[in-house]
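# A look at the structure
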Amino acid sequence: MANVCEVCGKGEQSGFNVSHSHLKTKRSWKPNIQRVKAVVNGEIKRVNTCTRCLRSGKIQRAI
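In this report, we go over the structure that sits alongside the text. It should be emphasised that the depicted structure is a prediction, and the values quoted were computed from it without experimental measurement.

Right, let's talk about the side chain of Asn48 for a bit. In this structure, Asn48 sits in strand 4 (residues 43-50). In terms of polar contacts, Asn48 uses its side chain to reach the side chain of Arg35, at 3.5 Å.

Bringing the packing of aromatic side chains into the picture now. Enumeration over the complete set of coordinates arrives at zero aromatic pairs. The ring of Phe16 carries the charged tip of Lys26 above its face, separated from the ring centre by 5.1 Å.

A separate point is a positive patch on the surface. Taken together, the side chains of Lys10, Arg52, Arg55 and Lys58 define a basic patch exposed on the protein surface. As for its position among the elements, Arg52 is in helix 1 (residues 51-56).

Moving on, we come to unusual backbone geometry. At His22, a position not held by glycine, the phi torsion is positive, near 70°. Topologically, His22 is positioned in the loop between strand 1 (13-18) and strand 2 (24-29).

The next point concerns the environment of His20. Turning to its location among the elements, His20 is positioned in the loop between strand 1 and strand 2. Residue His20 is classed as exposed on the basis of its relative accessible area of 87%.

What counts, and at which threshold
Once a new chain begins, its residue numbering starts again from 1 and follows that chain's sequence as written. It should be noted that, the model being predicted, local features are given only for residues of pLDDT at least 70 and side-chain atom pairs only at 80 or more, the latter also being counted only at that level, while totals for whole chains, interfaces and linings use all residues. The side-chain quantities take in all heavy atoms of the structure and omit both hydrogens and water. A run of H or I in DSSP becomes a helix once it reaches four residues, and a run of E becomes a strand once it reaches two; helices and strands are each numbered from the N terminus. Whenever two N or O atoms come within 3.5 Å, that pair is a polar contact, provided that in protein one can donate a hydrogen and the other can accept it, and provided that, for residues adjacent in sequence, both atoms are side-chain atoms. Aromatic contacts are taken between Phe, Tyr and Trp rings whose centres are within 6.5 Å, Trp giving its six-membered ring; a plane angle under 30 degrees counts as stacked, one over 60 as edge-to-face, and the others as tilted. For a ring to carry a charge above it, either NZ of a lysine or CZ of an arginine must fall within 6 Å of the ring centroid while also lying within 35 degrees of the normal to the ring plane. Patch construction takes residues with relative accessible area above 30% that form no salt bridge. Like charges are linked within 9 Å, and nonpolar side chains (Val, Leu, Ile, Met, Phe, Trp, Tyr) are linked within 5 Å. Residue-level accessible areas treat just the shown protein chains as cover; the underlying method is Shrake-Rupley with a 1.4 Å probe. When a carboxyl oxygen of Asp or Glu is within 4 Å of a side-chain nitrogen of Lys or Arg, the pair counts as a salt bridge. Counted charges follow a simple rule, with Lys and Arg positive, Asp and Glu negative, and His plus the chain ends left uncounted. The atoms used to mark charge sites are NZ of Lys, CZ of Arg, CG of Asp and CD of Glu. For every residue, the accessible area (1.4 Å probe, protein chains only) is compared with the maximum for its type, and the residue is labelled buried under 20%, exposed over 50%, or partly exposed between those bounds.

Given below as structure tokens:
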């Protein structure tokens, strides 16, 4: 599954783990992507969306 929200475009971010001795290693943060049935342009489709968009009501879930 792609780690990109189809509603807001939120994707994977990268950065560093920083130890106590200040050594840096690469790491990544992935958004919480859920595959849900949603109403898009009047029809029901399966979309990959982040939980932030689901919670804020940016997308209407199909029942």
